[in-house]
Amino acid sequence: DKHLCGYCKGKLIEIEVPGSIRDLGSTGYTPKKKRNATGFSLFIKEHAAEVRKRMSKRRGALAPTVTQPEVMKECGRLWKEMKNQNV
C-alpha cells in the first residue's frame, strides 16, 4: 500500500480539513473559542517595540540585533516590576 505511516506502517485515512471547500460541517469539528486578551499580552503588544528599540540602542553598533526571546524576557521583567508596584 502507498498510504502508510512512515513510523509505524499503519494505514493512513483521509480526513476532511475544517474550513476547506469540501468541509460540510458533518465532521464533528468544534471551532476553537476566541479568548479575551490577558493583561500581559496587551502589555507586550503595547511595549515590545519600545523595549526592542531601547535594547538595540543600549547595545550599540557591535550587536544591534535583538532577538524575540530577549525582548520577551525584558518585557516579563518589566511586567513583574509593574505588578509589584501595584500591589
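All figures in this text were calculated on a predicted structure; none of them were measured in a lab.

(A) Geometry of the pattern of salt bridges. Applying the stated rule across the entire model yields four salt bridges. Arg59 serves as the salt-bridge partner of Glu70, at 2.8 Å between the closest nitrogen and oxygen. Here Glu70 is found in helix H2 (residues 68-86), whereas its partner Arg59 is found in helix H1 (residues 39-59), with 11 residues between them in sequence. In this structure Arg59 comes out as partly exposed when scored by relative accessible area, which is 32%. We note a salt bridge from Glu81 to Arg77, for which the minimum N-O separation is 2.3 Å.

(B) Geometry of the side chain of Glu74. With respect to the helices and strands, the residue Glu74 is situated in helix H2. Not counting residues up to four positions away in its chain, the partners in contact with Glu74 are Val51, Arg54 and Met55.

(C) Examining unusual backbone geometry more closely. Backbone geometry places Lys9, a non-glycine residue, at a positive phi of 65°. Residue position: Lys9 is located in the segment before H1. For Lys9, a relative accessible area of 55% translates into the label exposed.

Calculation rules
Residues numbered from 1 in each chain as written. Predicted model: local features only at pLDDT ≥ 70, side-chain atom pairs only at ≥ 80, totals over all residues. Heavy atoms only, no water. Salt bridge = Lys/Arg side-chain N within 4 Å of Asp/Glu carboxyl O. Helix = DSSP H or I, 4+ residues; strand = E, 2+ residues; numbered from the N terminus. Buried < 20%, exposed > 50% of the residue type's maximum accessible area, 1.4 Å probe, protein only. Contact = heavy atoms within 4.5 Å.

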